[in-house]
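What follows is the residue order along each chain.
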Amino acid sequence: MEQHNEGFKEDTHSENSELSNGYNKKNTLQLLNDDRLSPEEGTRNETLIDFRDKNNFSRLLDWYYAPVYLLFWVGLFFAVCYPLFNHLPTGVKISEESELPGTFVAQRAESILLQIDQMGPKIAGDYVTEVVMVEFLLGEIAKVREEMREDLYEMEVEVQRSSGAFLHWQMINMYQGIQNVVVKLSSKSSNSTSYLLVNSHYDSKPSSVGTGDAEVMIVTMLETLRLMATSDEPFLHPIVFLFNGAEEQPFHGSHSFIANHRWSANCKALVNLDSAGAGGREILFQGGPNHPWLMKQYKKSAKHPFATTMAEEIFQADLIPSDTDFRIFRDFGPVPGLDMAGCYNGFVYHTKFDRFKVISRGSLQNTGDNVYSLVRSISNAEEMYDTESHSEGHSVFFDYLGLFFVYYTESTGTALNISFSLGAILVICVSLWQMARFTDQKVGTYARAFGMQFLLAILGFLLALGFPLLMSVFYDAGNRTMTYFSNSWLVIGLFVCPSIIGLVLPSTFYLTLRPSEKIPHTYHLQIVGHSYCLLLSVICILLTAIGIRTAYLFMICVFFYLGALIINLASRLHDKGYLWTLVLGACQIFPYLYLTYLFHALLVITIPMTSRKGMDANPDLLISLECALGSILAMVFLAPLLNLFRRPKSIVAGLAVVMFIFCMISVSEVGFPYRAKTNVMRLHFLEVHRKFYEYDGSISLEDSGYYFDLQDRRFETPLLDKINLTGFTRVDDLCKTEMMCGLPCFNHRWCSAVEDARWLPREEPVDLPGSPVLQLLNKTVFGTDSDPRVRYEFMVSSGPPRMSFFIQPREGVKMLHWSFLQGMLDNPSTYKPPYHIFFGYGSDDSPVEFYLEMTKDDGNFEVPVLELGVSGHYMSHLSKRDEATQKFIEDLPDFAHPMEWPSSYERYIF
């Protein structure tokens, strides 16, 4: 008895002595002994005595249990989320096929994949791509035809070759002789005119074999075609398999099909397959738009679901430096569909390390199971007969740990978000009223305490966001971005710990500074959770109001907190000391697992992308924001429970120490981002030989050098001590005087960043494999005095499969018409000179002829009116690199992966 009382005395003098909150047995017993109390009041006060006794003698847990508490949640992630995220099914072997009829056979797909891998890079316009790969696909399709149930199905096969053009971002994308291999498989019993389109591409980037991006999807389509053609169960709607020959151009193959092929008008739904990595699971990251029935088909058929609306909204906000053919089918069809892509190990994406050996059989099985089941399901969907009648708005969709898939319409999501948010606010009011009733205090006392805690919750939310973002700013200022690139566990200390510190700091200081003694500590702690719940409810309603479907994440947090609160109120644990924390902790397991799984997946996808985000944006901002949001949503109701332990400020200080240790590690060699073969620095550069022709035909500049389109925020810093960069400079001065800074920027991404480009001059002229030849065929002046016009006719011959034309009318000159798409000229507010026309060809290398028609204010066309730049890009690995270039590449450090090619650039004035 003496020891017990001593322990209590020690508590009342500790940092958290506010547990007693001014209550003691003596005062309460005096109330009961007051003869003015009625029997009912006496009974109520007996309960009050019991409540106060439990709080007075419920000693806070010792501080050393706090690390155990935190490590429990860390361990839960690694015990459940991490293995489920990385789980892959066992690949089915050919020998098991007889026992598993109608099952995707990963080993067969794997054997085809190995053959494609051994062909090497497949650049559009190369012999391997235009001839070898096409013949190989036709051969594999012929094998399927031999196995096909001819009594049930019919198959049509075409090699499509076509030309066309379309507007893509800030350039005209023009193509000629692009090839696609197209297969239509139909049930003979079907009379449907609605086709399902299944698309992926077999071309690759320079230096990359493209096994992950996207030969994996090509072999998945071949095996799916075989399974559908040999099945005993016919399907309702024909299926078009588009083996796309020029996605990396970009998007020439998909546009060629949707704009020119005779089957395209009948394609009513799409399954698009692509990749931003190699191996692992594929993610469904775009759907529709406005066709939730496609999500129903995914839910019904996907054996290994992996999807989230959040990924869709991030991707469509252009925060991801990638794009897919889905855009083309959606915008130019329009064909609604599902966009699925491999997302694991993005470090090898578009590099020479994207090879067969990094693709596991389990990964092929995972993708194959999903694609085959999905194709079978949609090809039998009744909605395919009239897809437009089922256009019902966007969807909210996500998987739970890969175990099951959830989807509902956006309108349903709006109702759920608002209902649960308002419901939570109502039940919080009931809880506060119950606290006041139970402690015999005025409701206003609790309302004031709640108001203070709500302000602190806002502060905690802002600090939890701000601390990680501040860390990213500091690291950027010190040129230390991407320290987590090879050691992603560093984000725990760099961004997660600061976020949790910010989340608990305001409430911890408040609770340790003796708040209102009229309110027990246990109620103060509940009010902290109520305040965060109100904040998340308000955010959920606001996000819903502006149409952000990712608000479902906030709804999930609110829903499970609301459930715990209702259980505590109904069971009266709400008023029994700290027992309510057990229910809250148990109810938080479900959302915690989902949210940590989701944000881990986002980090796995986005961390590799930081090496190709470009120089303008600090990539750490995106990573820190993801870590902050993940930490807030997963720990918003769990982190404040650190105040259940003694010395909570010391616990916060301990988290700060952990953060400091991680910071010290990150600025050591461990934090150097790049590693050879596994986590490489992407180094994009061109070996350029350029000539500037003046109006009189003279050459004002002829030189050679390396044009660098740097891909990440570290600029050239990692290379400074590794190679000779003497003369390495920005191109600012040329940008002031020359169109496109006088450089042959490759596509819209390169051209948008051309002002940040770097130029490294070299003494030896670049030995180009060739050079486009520009010929002025004719110049015609016509029109009237009030409407003077001039027309130039040009021809470009002997060019490589990829060229760019840059057109800049001089001051006072206006472009009226040309042989390219008129849409660029018709929208001067969107498209401004210099105009960029990108041209690519596949199997047809015939010359390009075009005309330009202009007018001029003074009608004088005997002076310079036009600048015209012509660049040729010899991207193929088969194009010759001269000795100086070879030496430069050999001198690069082993962590630098070059994607380079020779390029010519001539600027003319007419």
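The rules we used
Residues numbered from 1 in each chain as written. Predicted model: local features only at pLDDT ≥ 70, side-chain atom pairs only at ≥ 80, totals over all residues. Heavy atoms only, no water. Helix = DSSP H or I, 4+ residues; strand = E, 2+ residues; numbered from the N terminus. Rg over C-alpha atoms; globule rule 2.2 N^0.38 Å. Buried < 20%, exposed > 50% of the residue type's maximum accessible area, 1.4 Å probe, protein only. Areas by Shrake-Rupley, 256 points an atom, 1.4 Å probe, with all protein chains shown as cover. Lys, Arg positive; Asp, Glu negative; His and termini not counted. Charge placed at Lys NZ, Arg CZ, Asp CG, Glu CD. Core = buried A, V, L, I, M, F, W, Y, C linked by side-chain atoms within 4.5 Å. Contact = heavy atoms within 4.5 Å. Salt bridge = Lys/Arg side-chain N within 4 Å of Asp/Glu carboxyl O. pLDDT = per-residue confidence, 0-100. Axes fitted to C-alpha atoms, helices over the stretch in contact; angles between N-to-C directions. Parallel < 35°, antiparallel > 145°, perpendicular 65-115°, else oblique. Left-handed = near helix turned anticlockwise from the far one by under 90°. Nonpolar A, V, L, I, M, F, W, Y, C, P; charged D, E, K, R; others polar. Pairing = 2+ DSSP bridges. Disulfide = S-S within 2.5 Å. Polar contact = N/O pair within 3.5 Å; in protein donor to acceptor, adjacent residues only side chain to side chain. Phe/Tyr/Trp six-rings, centres within 6.5 Å; stacked < 30°, edge-to-face > 60°. Lys NZ or Arg CZ within 6 Å of the ring centre and 35° of its normal.

## With respect to the overall build of the protein
Step number 1: Scanning the protein from terminus to terminus reveals 24 helices and 21 strands.
Step number 2: Computed over C-alpha atoms, the radius of gyration of the protein comes to 33 Å, within 12% of the 29 Å expected from 2.2 N^0.38 for 910 residues, which places it in the range of a compact globule.
Step number 3: C-alpha atoms of the protein, sized along the principal axes, occupy 115 × 70 × 60 Å.
Step number 4: Out of the 910 residues in the protein, the part that is buried amounts to 61%.
Step number 5: In the form shown here, the protein has an accessible surface area of approximately 35100 Å², with 57% of it arising from carbon and sulfur atoms.
Step number 6: Separation between the mean location of the 72 positive side-chain charges and that of the 101 negative ones in the protein comes to 7 Å.

## Quick word on the nonpolar core
Step number 1: The biggest cluster of nonpolar side chains holds 143 residues, and the ones touching the most others in it are Tyr552, Leu553, Tyr592, Tyr594, Met635, Phe637 and Phe708.
Step number 2: No other element matches the 16 residues that helix α18 (residues 580-606) contributes to this core.
Step number 3: Ignoring any residue separated from it by four or fewer positions in sequence, one finds Phe708 in contact with Leu683, His684, Phe685, Phe728, Ala757, Arg758, Leu760 and Phe888.

## Overview of the pattern of salt bridges
Step number 1: Tallied over the full model, the rule gives 37 salt bridges.
Step number 2: Across the pair Arg108 and Glu97 runs a salt bridge whose closest N-O atoms are separated by 2.8 Å. Note that Arg108 is positioned in helix α5 (residues 106-117) and Glu97 in the loop between α4 (65-86) and α5, a separation of 11 residues in sequence.
Step number 3: Accessibility expressed as a relative area gives 22% for Glu97, which makes it partly exposed.

## Focus: the confidence of the model for the protein
Step number 1: The predicted model of the protein averages 92 in pLDDT, with 94% of residues at 70 or higher.
Step number 2: Long-range and interchain partners of residues 1-58, a stretch whose pLDDT sits below 50, account for 85 contacts in this model, where long-range means more than four residues apart.

## Topic: the packing of helix α14 (residues 443-477) against helix α16 (residues 521-545)
Step number 1: With their axes 8 Å apart at the nearest point, α14 and α16 run at an angle of 60° to one another. Taken together, the axis directions place α14 and α16 in an arrangement best described as oblique. For the element pair α14 and α16, the recorded crossing hand is right-handed. In this structure, α14 uses Tyr446, Ala449, Phe450, Gln453, Phe454, Leu456, Ala457, Ile458, Gly460 and Phe461 to contact α16, whose residues at the interface are Tyr523, His524, Ile527, Val528, His530, Ser531, Tyr532, Leu534, Leu535, Leu536 and Ile539.
Step number 2: Across the contact of α14 with α16, the residue classes tally to 16 nonpolar, 5 polar and no charged.

## Topic: unusual backbone geometry
Step number 1: Look at the link from Gly288 to Pro289: it is a cis peptide, with omega at 0°.
Step number 2: The residue Pro289 is located in the loop between β6 (282-288) and α9 (293-301) in this model.
Step number 3: Positioned with a positive phi, Arg572 is a non-glycine residue whose angle comes to about 65°.
Step number 4: Residue placement: Arg572 occurs in the loop between α17 (552-571) and α18.

## Some points on the sheet that holds strand β14 (residues 773-783)
Step number 1: Strand order in this open sheet of 4 strands is β14-β15-β19-β17, and the pairing throughout is antiparallel. Looking at which strands have only one partner, the edges of the open sheet turn out to be β14 and β17 (813-818). The sheet shows a mean angle of 25° between the axes of neighbouring strands, taken without regard to direction.
Step number 2: Bridge count between β14 and strand β15 (residues 788-797): 10 bridges; the pairing is antiparallel. Of the residues in β15, the one forming a bridge with Val773 is Ser797.

## Points about the state of the cysteines
Step number 1: Per the stated rule, a full pass over the model turns up 2 disulfides.
Step number 2: What pairs with Cys735 in a disulfide is Cys741, and their sulfur atoms sit 2.0 Å apart. Linking Cys735 and Cys741, the disulfide has an S-S dihedral of approximately 105° and is accordingly described as right-handed.
Step number 3: Shown here is the disulfide that connects Cys745 with Cys751, its sulfur atoms set 2.1 Å apart. Its torsion about the S-S bond being 90°, the disulfide of Cys745 and Cys751 is classed as right-handed. For the pair shown, Cys745 and Cys751 are each scored as buried.

## Thoughts on the side chain of Gln160
Step number 1: Structurally, the position occupied by Gln160 is in strand β1 (residues 153-168).
Step number 2: Take Gln160: its relative accessible area is 7%, and that puts it in the buried class.
Step number 3: Only 3.0 Å separates the side chain of Gln160 from the backbone oxygen of Ser256, close enough to count as a polar contact.
Step number 4: Residues contacting Gln160, with those up to four places away along its chain left out, are Ile178, Gln179, Asn180, Val182, Ser256, Phe257, Asn260 and His261.

## Thoughts on the packing of aromatic side chains
Step number 1: A full pass over the atoms with the stated rule returns 58 aromatic pairs.
Step number 2: Consider the rings of Phe85 and Phe306, whose centres lie 5.8 Å apart with planes at 85°: the pair is edge-to-face. With Phe85 in helix α4 and Phe306 in the loop between α9 and α10 (309-316), this pair connects stretches of sequence that are 221 residues apart. Take Phe85 and Phe306: they sit in the same class, and that class is buried.
Step number 3: On the basis of an interplanar angle of 65° and a centroid distance of 6.2 Å, the ring pair of Tyr484 and Phe495 is categorised as edge-to-face. Taken together, the positions of Tyr484 in the loop between α14 and α15 (490-511) and Phe495 in helix α15 put the pair 11 residues apart, joining distant regions of the chain. No difference in accessibility class separates Tyr484 from Phe495, as the two residues are buried.
Step number 4: Members of the aromatic cluster, connected to one another through ring pairs, are Tyr693, Tyr792, Phe794, Phe805, Trp818, Phe820, Tyr835, Phe850, Tyr908 and Phe910.
Step number 5: Across from the ring centre of Trp759, 4.1 Å away, lies the NZ or CZ of Arg690, which sits over that ring.
Step number 6: Taking NZ or CZ as reference, Arg791 lies 3.8 Å from the ring centre of Tyr851, over its face.

## Digging into the environment of Cys751
Step number 1: Tracing the chain through its elements places Cys751 in helix α22 (residues 748-752).
Step number 2: The exposure class assigned to Cys751 is buried, which follows from its relative accessible area of 12%.
Step number 3: Contacts of Cys751, omitting those with residues within four sequence positions, involve Met740, Cys745, Phe806 and His836.

## Quick word on the environment of Leu593
Step number 1: Of note, Leu593 is situated in helix α18.
Step number 2: Leu593 gets classed as buried once you look at its relative accessible area, which sits at 9%.
Step number 3: Considering only alpha carbons, one finds Leu593 and Ile314, 279 residues apart in sequence, at a separation of 21 Å.
Step number 4: Setting aside residues up to four positions removed in sequence, Leu593 forms contacts with Leu76, Val80, Cys81, Tyr400 and Leu401.

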